[in-house]
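Summary of the model geometry
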Amino acid sequence: MNEKSGGHQEQYLSSELTNLTDRMQVSQLLSRFCSIVDDKCIHASAVAAIFTTDGRLVSPNGASVVGPEAIAAEKSKSFDRFRATHHVTSDHIIDFEGDTARLRANMTAMHLWYEEESDPRSLQAHFVAGGVFEGVAVRTADGWRFSELASRITWRTGAGLPTMAGLKSK
């Protein structure tokens with residue numbers, strides 16, 4: 001192998017390593033978001049490590065909140081009605097254009113109602129939802145952060161849909 005082709009190979013490998021590292025970091029943003037929800041650790045500082053200062057979170061109903069403090073407050077209130085949640089994501093598709101990344105990932109989420117908020121006529125105290133997360137991440141001085149993350153629900157099953165409509169909060 002001559003010096004010229006060796007240099008091209010090193011450049012190619014360096015570029016591929018950067019690409020893989022960026023993909024992993026963008027994918028981890030979504031994993032971190034799901035973990036703070038599931039671990040009930042939705043604090044502004046945790047959200048700030050995932051979203052830009054003007055980052056926007058769009059809920060399945062289309063409502064949106066902007067900024068880590070507002071996102072933390074809204075998600076804490078929303079998820080306080082559940083005893084536990086478990087979000088699983090898969091099939092992360094990430095496309096890059098410079099320092100911007102577009103993410104699409106499938107999602108399945110289990111939500112366990114607090115006993116007093118479950119439907120007393122139901123034999124179940126949970127519901128499961130499936131859908132898609134779509135996000136835009138940008139490279140910042142502090143690493144990749146979401147400038148927008150939206151969830152779209154495509155199906156739901158289980159108990160408690162009347163409770164959700166009543167928006168009871170614990």
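Here, every reference points to the structure presented above.
Quick caveat: nothing in here was measured; it's all calculated off a predicted structure.

**Concerning the nonpolar core**
Formed by 31 residues in total, the largest nonpolar core has its most connected members in Leu30, Phe33, Phe51, Phe146 and Leu149. Counting residues per element, this core draws most heavily on helix α1 (residues 3-38), which supplies seven residues. Those residues within four positions of leucine 30 in sequence are excluded, and the remaining contacts are Thr89, His92, Leu103, Ala105, Phe133, Phe146 and Leu149.

**Things to note about the environment of tryptophan 113**
Along the polypeptide, tryptophan 113 turns up in strand β4 (residues 100-113). By relative accessible area, tryptophan 113 is classed as buried at 1%. Taking C-alpha positions, tryptophan 113 is 6.6 Å from arginine 81, a pair spaced 32 residues apart along the chain.

**Side note on the packing of aromatic side chains**
The geometry of an aromatic ring pair is captured by the separation of the ring centres together with the interplanar angle, meaning the angle of the planes. This structure, assessed with the given rule, holds seven aromatic pairs. Both rings, one in phenylalanine 79 and one in phenylalanine 82, keep their centres 5.9 Å apart while their planes meet at 50°; by these two values the pair is tilted. By relative accessible area, which is 12% here, phenylalanine 79 ends up buried. You can call phenylalanine 82 buried: its relative accessible area is 2%. Measuring from centroid to centroid gives 5.7 Å for phenylalanine 96 and tryptophan 144, while their planes differ by 65°, and the two rings are edge-to-face.

Definitions and limits used
Residues numbered from 1 in each chain as written. Predicted model: local features only at pLDDT ≥ 70, side-chain atom pairs only at ≥ 80, totals over all residues. Heavy atoms only, no water. Core = buried A, V, L, I, M, F, W, Y, C linked by side-chain atoms within 4.5 Å. Buried < 20%, exposed > 50% of the residue type's maximum accessible area, 1.4 Å probe, protein only. Helix = DSSP H or I, 4+ residues; strand = E, 2+ residues; numbered from the N terminus. Contact = heavy atoms within 4.5 Å. Phe/Tyr/Trp six-rings, centres within 6.5 Å; stacked < 30°, edge-to-face > 60°.

Read these as geometric descriptors, not functional statements.
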